[in-house]
Amino acid sequence: MDNKSVQILFTDKQYQDLEKKAAKAGLTVPLYIKGIVLENDEFSLAYAKLIKKVDALPSGTRFTIRSLFGTEWTMGRGIKLSLGKTYYNQVEKKTINNVNAEGKDSSNVMWYVKL
């Protein structure tokens, strides 16, 4: 499968507005734009589901992203990697502030704890 790239130019003000909206959604600007343009793309749906699953957890719960999805953990490898990277970055930036990253285990799986 070939991937295609699209270049879009924004004014400083437009980009600042996009950054704010993306941060509010807990996404990077490119992922935010992709989610809007493609509406129900696989990543956006999975990310929204991840946020809902984490919000439903009681405080003090330790979890991995994979464990939250359980048998639903069937999306492609690229989506899984993007979910993990995006979620971790948003936790580290404190955009997502109800979770702390605890570190990776011996299997290189990131663990989180719900605050």
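Everything in this summary refers to the structure shown in the same document.

About the thresholds
- Residues numbered from 1 in each chain as written.
- Predicted model: local features only at pLDDT ≥ 70, side-chain atom pairs only at ≥ 80, totals over all residues.
- Heavy atoms only, no water.
- Helix = DSSP H or I, 4+ residues; strand = E, 2+ residues; numbered from the N terminus.
- Expected span 1.5 Å × (residues − 1).
- Buried < 20%, exposed > 50% of the residue type's maximum accessible area, 1.4 Å probe, protein only.

**What to know about helix 1 (residues 12-25)**
Phase 1 of the analysis: Between its terminal C-alpha atoms helix 1 stretches 20 Å, which fits the 20 Å expected from 14 residues at 1.5 Å a residue.
Phase 2 of the analysis: Phi turns positive one or two residues past the end of helix 1, at G26, with a value near 75 degrees.

**Thoughts on unusual backbone geometry**
Trans is the prevailing form of peptide bonds, just as negative phi is the prevailing case for residues other than glycine.
Phase 1 of the analysis: Positioned with a positive phi, K94 is a non-glycine residue whose angle comes to about 70 degrees.
Phase 2 of the analysis: Look at K94 and you get exposed, because its relative accessible area is 51%.
Phase 3 of the analysis: Positioned with a positive phi, N108 is a non-glycine residue whose angle comes to about 65 degrees.
Phase 4 of the analysis: Counting through the fold element by element, N108 comes out in the loop between strand 2 (99-104) and strand 3 (110-114).
Phase 5 of the analysis: On the accessibility criterion, N108 (53% relative accessible area) is exposed.

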